[in-house]
Amino acid sequence: MKKIKFVLGIHNHQPIGNFKWVFEKGYKVAYKPFIDVMLKHKSIKWNLHSSGMLWEFMVQSHPAYIKTVKKMISSGRLELISGGYYEPILSVIPSADRYGQIKQLSDFIKKTFDYEPKGAWVAERVWEPSLVKDFANAGIKYTILDDVHFMASGLKEHELKGYYTTEDEGKALSVFPISQRLRYLIPFQDVSVCMEYFKQLANEDKDIAVVMADDGEKFGMWPGTDKHVYENKWLEKFLTALEENSDIVETATFSEVLNTFKPAGRIYLQTNSYFEMGEWSLPSSVQNDFDRFVKQNEFTPEFKPFIRGGFWRNFLSKYDEVNNMHKKMVRLSTKFQNKKIDISSDMQKELYAGQCNCAYWHGVFGGLYLPHLRNAVYEHLLKAENLYNKKFSPKNSWMKNDFDCDSVDEFLYESENQNIYVDAENGGSIFEFDIMNKNYNLSNVLTRRYEGYHKKLKEAIENNNVTDSKEFTSIHTDAVKVKELGLENHLVYDWYRKSSLLDHFFNKDTVYDSLYGMKFKEDGDFVLGRYDAEIVKDGLALSRCGHVWYDDKHLPVKIIKIIKPLKSAGYEVEYKIKNLSDIAMNFKFGVEQVFAFSDRTIADTGEIKDKKFWKCKDKNLKLDVSVSSSINCYWWVCPIETVSTSDSGYEKTYQGTTVVSVYNFSLNSNEDFGFKINTTVEM
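Keep in mind that what you see is a predicted model, and the values were worked out from it rather than measured.

A. Broad picture of the overall build of the protein. Across its full length, the protein carries 18 helices and 24 strands. Computed over the C-alpha atoms, the radius of gyration of the protein is 28 Å, within 12% of the 26 Å expected from 2.2 N^0.38 for a compact globule of 683 residues. The C-alpha extent of the protein, read off along each of the three principal axes, is 95 × 60 × 45 Å. Among the 683 residues that make up the protein, the fraction classed as buried is 60%. A sequence separation of at least 24 residues applies to 71% of the contacts in the protein between residues at least 6 apart. Accessible surface for the protein amounts to roughly 28,000 Å². Of this, 48% is attributable to carbon and sulfur atoms.

The following block contains the structure:
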């Protein structure tokens, strides 16, 4: 019987923008109790990766934790792992930023712990081969990926008992496979089940090293795990069992395995992540098909390595909002590289902070659906942009730029006070409205979309099979938990991206109550329509000759709207609507705008009749938003709320507020109707 080496890796992370109380809770229920238990078992070796902002939190709020880590390093029991400082998806940030992020975390570890990290954590294990060269250039010797990465390249599970080498452009890197079996066992199954697996491995007549590297939050922070892991002493029992079975299994650090084992061979890994990420990144319309296919083939495990969903970059096409953040980040990075901004500058560090991965995707955790995480990304990107503007003044004028990389130009206005980004191809709408003095994107709302898991929620509700139980379960189960009842009433889906200056020709029967549930009939083809755009003096002129259904006839109508940025934050829009048909028409016309307020209660919802203005004060953001019309109109105001899944259950989340100014008017043949809308932000 051979003794096996067990490599235990813990990955601790809290995203930029998460609440301070969440950091504290993580420390109280997961990070501190875990290391306290490890301290008592002096023969156990382990490996730790923490993101840079979590290390900063520990230094500032819990220096005793830092002292404990130093003590364990000096005893040879703990190895620290580097990675991107702000936990970015490394493969989708520019190469120069990969190097800078890794160097920043490695330098922090060196300065704080007098320790030179040799490995790097890959956020969400999102792997692309181009990472090899950047890791090697940053002094990294090894990384850790899931076993599915290796099996997708043709290896069998029994071959993944050590590590492999890979290379790119002659740069080499060692790669360790993480055992999915151990990820699912630890800490969810009884300790005896884990030990039985180790004993099976020890019966093999060869040197074996197996890795379990996963989120530290599942040791106390995931629902019910604090009681399971500490109160019921799962971790204590597990470590004790390892010590009692030291004749068959001993713990080791990654570097120790590198120094004592030869690589199992050379391998070239496909673009991949862990199995669940492949499902989450698929279009929502096919997720349930994929899930059904996987379940149909669960009894043929030899085929599973070749079953995979999408890959991480699909989130950039699945969610316009993700692509928006990503392309803004890339745009800034390109500017910085062109100006050769120092990677250690405050400007560059703010950009790095805006690359934190959690708001850029969505799976079983909130991610993209959490407004405070998206706001934090924009906050740091805009801080970086403000620092850039101070050094290199913005032009304060409109420009053409293929911002979203769809091979069609958008129109961008950038100044010291505000950014206004317009998509002429999609309704001539404003899709980003940045208030520079507040480092805040006031258009940062989320469109309501169908998600694959909504089917599961609907079925559970119909079968009266939902619970708000907080009992311990693995996130890998099919349990349906809800944070509140009645979520089915909020499963509403928008057929267009929520943005500002969308032009609606409502059916005459449309009333305010139909707005929230998207139950109104659209008679025009302007919301998703292409507008011609021209940069004119002081503004951007947008025009479209479209059609409106009227008395079962498809009649031509033209809209011209000219957007003029104000000197302070805000814009004026001059509208002219012309009836190009040869018959008189009655219109119910609405201009929709969206605002990402800090809370649902900020804006009163409902219908306001015959007024020239609407105003809202956001005390949290310390700004006032007002929309005024040159003529009286109706104002329809309602919240944008989504239903999404999280580790603790399905939940409703406020994403922003829709404000529609509604005009009722008649036009004879070739007659036009005009008005102005002013949107202003005061601080």
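B. Representation of the side chain of Ser661. Its location among the elements puts Ser661 in strand E23 (residues 651-667). Setting aside its immediate chain neighbours within four residues, Ser661 contacts Phe589, Gly590, Val591, Cys633, Tyr634, Trp635 and Ile677.

C. Highlighting the packing of aromatic side chains. Going through the model one piece at a time under the given rule, you end up with 52 aromatic pairs. Measuring from centroid to centroid gives 6.2 Å for Tyr85 and Phe108, while their planes differ by 80°, and the two rings are edge-to-face. Taken together, the residues span a long stretch of sequence, with Tyr85 in the loop between strand E3 (78-83) and helix H4 (95-113) and Phe108 in helix H4 at a distance of 23 residues. Of the two residues, Tyr85 and Phe108, both sit in the buried class. When the ring of Tyr663 is compared with that of Phe675, the centres are 4.1 Å apart and the planes differ by 25°; the resulting orientation is stacked.

D. View of the sheet that holds strand E12 (residues 418-423). Spatial ordering of the open sheet is given by E10-E11-E12-E13-E14, a layout of five strands whose pairing is antiparallel. A strand with exactly one partner marks an edge of an open sheet, and here the two such strands are strand E10 (397-401) and strand E14 (440-441). Here E10 runs beside strand E11 (residues 410-414); their pairing, made up of five bridges, is antiparallel. In the sheet register, Ser397 faces E11, and the bridge partner there is Glu414. Packing against the sheet, helix H15 (residues 320-338) makes contact with E10, E11, E12 and strand E13 (429-435), and its axis sits at approximately 55° to E13.

E. Just the packing of H4 against helix H16 (residues 346-353), in detail. Axis separation between H4 and H16 bottoms out at 11 Å; the angle between their running directions is 100°. Judged on the interaxial angle alone, H16 and H4 are roughly perpendicular. Every residue of H16 that contacts H4 at Ala96, Asp97, Gly100, Gln101 and Gln104 is listed here: Gln348, Lys349, Leu351 and Tyr352. Classifying every residue of the contact of H4 with H16 gives three nonpolar, four polar and two charged.

F. Here's a closer look at the packing of H15 against helix H17 (residues 371-391). Packing of H15 against H17 brings their axes to within 11 Å, and their N-to-C directions diverge by 25°. The angle between H15 and H17 places the two elements in the roughly parallel class. H17 is crossed by H15, and the crossing has left-handed handedness. Here Glu321, Asn324, Met325, Lys328, Met329, Leu332, Lys335 and Phe336 of H15 lie close against H17, whose contacting residues are Arg374, Val377, Tyr378, Leu381, Leu382, Ala384, Glu385 and Tyr388. Here the residues of the contact of H15 with H17 are counted per class, giving 10 nonpolar, one polar and five charged.

G. The arrangement of the pairing of E11 in detail. In terms of burial, E11 is largely enclosed, as five of its five residues are buried. Burial of the side chains of E11 extends over both faces: Glu410, Leu412 and Glu414 are buried on one face and Phe411 and Tyr413 on the other. Pairing of E11 with E12, which is carried by four bridges, proceeds in the antiparallel orientation. Among the inter-strand pairings, Tyr413 is bridged to a residue of E12, identified as Ile420. Counting the residues in the hairpin turn of E11 and E12 gives three residues.

H. Representation of H4. Look at H4: 27 Å from first C-alpha to last across 19 residues, which is about the 27 Å you get at 1.5 Å a residue. Among the residues of H4, those classed as buried are Asp97, Arg98, Gly100, Gln101, Ile102, Gln104, Leu105, Ser106, Phe108, Ile109, Thr112 and Phe113.

I. A look at H17. For H17, which comprises 21 residues, the first-to-last C-alpha distance of 30 Å matches the rise-based estimate of 30 Å (1.5 Å per residue) to within 8%. Within H17, 16 of the 21 residues are buried, leaving the element largely enclosed by the surrounding structure.

J. Geometry of the pattern of salt bridges. For the structure shown, the criterion picks out 38 salt bridges. Salt bridges linked by common partners bring Arg125, Asp146, Arg183, Asp214, Lys218 and Glu276 together as one network.

K. Representation of unusual backbone geometry within the structure. Residue Pro187 is bonded to the preceding Ile186 through a cis peptide linkage, with omega at 0°. Secondary-structure assignment places Pro187 in the loop between helix H7 (180-185) and helix H8 (191-202). The phi angle at Leu501 is positive, at roughly 70°, despite the residue not being glycine. According to the relative accessible area criterion, Leu501 is buried, its value standing at 0%.

Quick notes on the rules
Residues numbered from 1 in each chain as written. Predicted model: local features only at pLDDT ≥ 70, side-chain atom pairs only at ≥ 80, totals over all residues. Heavy atoms only, no water. Helix = DSSP H or I, 4+ residues; strand = E, 2+ residues; numbered from the N terminus. Rg over C-alpha atoms; globule rule 2.2 N^0.38 Å. Buried < 20%, exposed > 50% of the residue type's maximum accessible area, 1.4 Å probe, protein only. Contact = heavy atoms within 4.5 Å. Areas by Shrake-Rupley, 256 points an atom, 1.4 Å probe, with all protein chains shown as cover. Phe/Tyr/Trp six-rings, centres within 6.5 Å; stacked < 30°, edge-to-face > 60°. Pairing = 2+ DSSP bridges. Axes fitted to C-alpha atoms, helices over the stretch in contact; angles between N-to-C directions. Parallel < 35°, antiparallel > 145°, perpendicular 65-115°, else oblique. Nonpolar A, V, L, I, M, F, W, Y, C, P; charged D, E, K, R; others polar. Left-handed = near helix turned anticlockwise from the far one by under 90°. Expected span 1.5 Å × (residues − 1). Salt bridge = Lys/Arg side-chain N within 4 Å of Asp/Glu carboxyl O.

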